[in-house]
Number of protein chains: 2
Amino acid sequence: MIRILLADDQALVRGALAALLDLEPDLEVVASVATGDAVVPAALSVRPDVALIDVQMPGLDGLAAAAALHRARPETRIVILTTFGRPGYLARAMAAGAVGFVVKDATPEYLIDAIQRVHSGLRVVDPGLAAESLAAGASPLTARERDVLVAAAQGATVRDIARGLHLSEGTVRNHLSAAIGKTGARTSAEAARLAETNGWL
Amino acid sequence: MIRILLADDQALVRGALAALLDLEPDLEVVASVATGDAVVPAALSVRPDVALIDVQMPGLDGLAAAAALHRARPETRIVILTTFGRPGYLARAMAAGAVGFVVKDATPEYLIDAIQRVHSGLRVVDPGLAAESLAAGASPLTARERDVLVAAAQGATVRDIARGLHLSEGTVRNHLSAAIGKTGARTSAEAARLAETNGWL
DNA sequence: GCCTGACCGTGACAACCGTCATGGGTCAGA
DNA sequence: TCTGACCCATGACGGTTGTCACGGTCAGGC
């Protein structure tokens, strides 16, 4: 019997996944939480074999929660589940100690198989996504460039960003310019969009 | 026995929802499709009582698919299911002939209850979202303003938009300026973001 | 020590964007 | 018929953005 912890912020998806997994005779959902912060306490309490963690969650996000869980309870095998197959997510998930990575486009059979493989000690990664991840490479952005891009992605102006990060406007423009060059974009808004789809933010 | 058609582009969610609904003794998933274009043919073939349609789908989107289904087979009661509770979505869903609107944050019980209510002739709308929808009101954007905003949301420059829509740059700037005024934004990127979260694109 | 490279910051300039005033065209409704 | 709403265009303006050249700081390698 494989004991599973579910973490997903959408109650409907959480409930539906639980129903799906509980149909399998050798799987058992023993806990399900809605936030990243709740993952570690729940895991320590129910001692699951496998944790299925969504990336998008309020509070601590799925990748950070995975890292915390890996530190707190390395016996639990972590599978990251996500809507968006962003290359950067895969890299960060692996760095966080995850051993599986499944996108929500996958079939239910694939997910169940992935859980079983992971439980038996294997790693499970979508080969197409892995290739894409290698192609996109690691994030070329510096910490500051990331900061200004996340702000720009919210629609902030250069002045807003400068105030928010306590920088001069010229410096913000420089960081943005560097990010534009590195992403191959032609405008800060486009750079923010590209960085986001690559999972660099 | 309530016969249900499921439409969602994510195979995992589709399968999980089917598992969840099939657990109910009076519900039966009789078809599940991954694209908006497949909704009407499937409905004509299996004659479902209720159609559960996600907004985000490739090809024909969920709202357009709902409208087509309502025309082709008005007996089928339509429930729109969506990740994002955007006010504009609700308005368009109702205009498309939907009688239910459920966000993926809802609990499984709520969804099941909604399906049963809808089948018995009632309408089901999240009251909080309905209030938000009234507050945000209908889209204030003209058709052209919408066009330039969707292009701007991709990160296109004024020149790109002008070329893409065969307009002069000045005209594009005028439309953008009008959209910025109507959305209360201060920049075209921000206007695009706001319009998107309101479901006006 | 010295050099190198990566980062942060400044100032100046050209290009672009947002606003406004103005004009012309179409089309629906009073 | 006139009015109002929408579309397209032009031209000009001030403010913002993107780029560049230039310094300064700091960690790591020779």
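Counting restarts for each chain: residues are numbered from 1 in the order of the written sequence. Lettering of chains starts at A and numbering of ligands starts at 1, both following the order in which they are written. With the structure being a predicted model, the display of local features is reserved for residues of pLDDT at least 70 and the display and counting of side-chain atom pairs for 80 or more, all residues being used for whole-chain, interface and lining totals. Think of the side-chain values as coming from all heavy atoms in the structure, minus any hydrogens and water.

S.K.: How would you explain the pattern of salt bridges if you had to name every residue and give the values?
M.R.: The working definition used for a salt bridge is a side-chain nitrogen of Lys or Arg within 4 Å of a carboxyl oxygen of Asp or Glu. Applying the stated criterion across every chain, the model contains 16 salt bridges over all chains. Its salt-bridge partner being Arg117(A), residue Asp113(A) comes within 2.7 Å of it at the nearest N-O pair. Placement of the pair is Asp113(A) and Arg117(A) together in helix 5 (residues 108–119), with a separation of 4 residues, close to one helical turn. A 1.4 Å probe rolled over the protein chains alone gives each residue an accessible area, and that area as a share of the maximum for its type sets the label: buried under 20%, exposed over 50%, partly exposed in between. Asp113(A) gets classed as partly exposed once you look at its relative accessible area, which sits at 31%. Overall, Arg117(A) belongs to the partly exposed group, its relative accessible area being 40%. The shortest N-O distance in the salt bridge between Arg186(B) and Asp160(A) comes to 2.8 Å. Of this pair, Arg186(B) sits in the loop between helix 9 (169–183) and helix 10 (188–197) while Asp160(A) sits in helix 8 (residues 158–165), each in a different chain. Judged by relative accessible area, which is 57%, Arg186(B) ranks as exposed. Look at the salt bridges and you will find they share partners, linking Asp8(A), Asp54(A) and Lys104(A) into a network. Secondary structure elements follow DSSP: runs of H or I no shorter than four residues count as helices, runs of E no shorter than two count as strands, and numbering proceeds from the N terminus.

S.K.: Tell me about the protein's contact with DNA strand D, and name the residues and values.
M.R.: In the vicinity of DNA strand D, 18 residues are found, and the nearest of them are Arg173(A), Asn174(A), Thr142(B), Arg144(B) and Ser168(B). Put simply, a residue is near a molecule or strand once any heavy atom of it comes within 4 Å of that molecule or strand. Considering the 4 Å shell around the protein, atoms of DNA strand D inside it are sugar or phosphate in 61% of instances. Between Arg159(A) and DNA strand D, the recorded distance is 3.0 Å, taken from a side-chain N or O atom to a phosphate oxygen. For this analysis, a polar contact is any N or O atom pair within 3.5 Å, provided that within protein one partner can donate a hydrogen and the other can accept it, and provided that sequence-adjacent residues contribute only side-chain to side-chain pairs. Arg173(A) places a polar side-chain atom, nitrogen or oxygen, 3.3 Å from a base nitrogen of DNA strand D. Where the surface near DNA strand D is concerned, the elements lending two or more residues are helix 8 and helix 9 (169–183) of chain A together with helix 7 (143–153) and helix 9 of chain B. For this classification, the nonpolar set comprises Ala, Val, Leu, Ile, Met, Phe, Trp, Tyr, Cys and Pro, the charged set comprises Asp, Glu, Lys and Arg, and every other residue, Gly included, is treated as polar. Within the surface near DNA strand D, the residues separate by chemical class into 4 nonpolar, 11 polar and 3 charged.

S.K.: So what's going on with the interface of chain B and chain A? Which residues, and what values?
M.R.: How large an interface is tends to be reported as the accessible area lost when its parts come together. Contacts between residues were defined by any pair of non-hydrogen atoms, one from each residue, lying within 4.5 Å. In this complex, chain B contributes 29 residues to the contact, which on the side of chain A involves 30 residues. Around 2,300 Å² of area is buried between chain B and chain A when both sides are counted, 65% of it from carbon and sulfur atoms. The largest contributions to the chain B side of the interface with chain A come from Gln10(B), Leu12(B) and Lys104(B), which together make up 25% of the buried area. Taken together, the connections running from chain B to chain A amount to 2 salt bridges. Where chain B packs against chain A, one counts 8 residue pairs in polar contact (both at pLDDT 80 or more). Secondary structure elements with two or more residues in the side of chain B that touches chain A: helix 1 (11–22), helix 5 (108–119) and helix 10 of chain B. Buried area: the sum, over both parts, of the accessible surface (1.4 Å probe) that disappears when the two are put together.

S.K.: Break down the sheet that holds strand 6 (residues 124–125) of chain B for me, with residues and values.
M.R.: Residue and element names in this part refer to chain B. Only strands that DSSP links by at least two bridges are regarded as paired with each other. In spatial order, the strands read 2-1-3-4-5-6; together these 6 strands make up an open sheet with parallel pairing. Pairing within the sheet leaves two strands with one partner each, and these edge strands are strand 2 (27–33) and strand 6. Both strand 5 (residues 100–103) and strand 6 contribute to a ladder of 2 bridges, which runs parallel. By the bridge assignment for strand 6, phenylalanine 101 is matched with valine 125. Each of strand 1 (2–7), strand 2, strand 3 (50–54) and strand 4 (77–82) is contacted by helix 1, which is oriented at about 165 degrees to strand 2, the strand it contacts most. All axes are obtained by fitting lines to C-alpha atoms, using only the stretch in contact for helices, and the reported angles, taken between N-to-C directions, cover 0 to 180 degrees.

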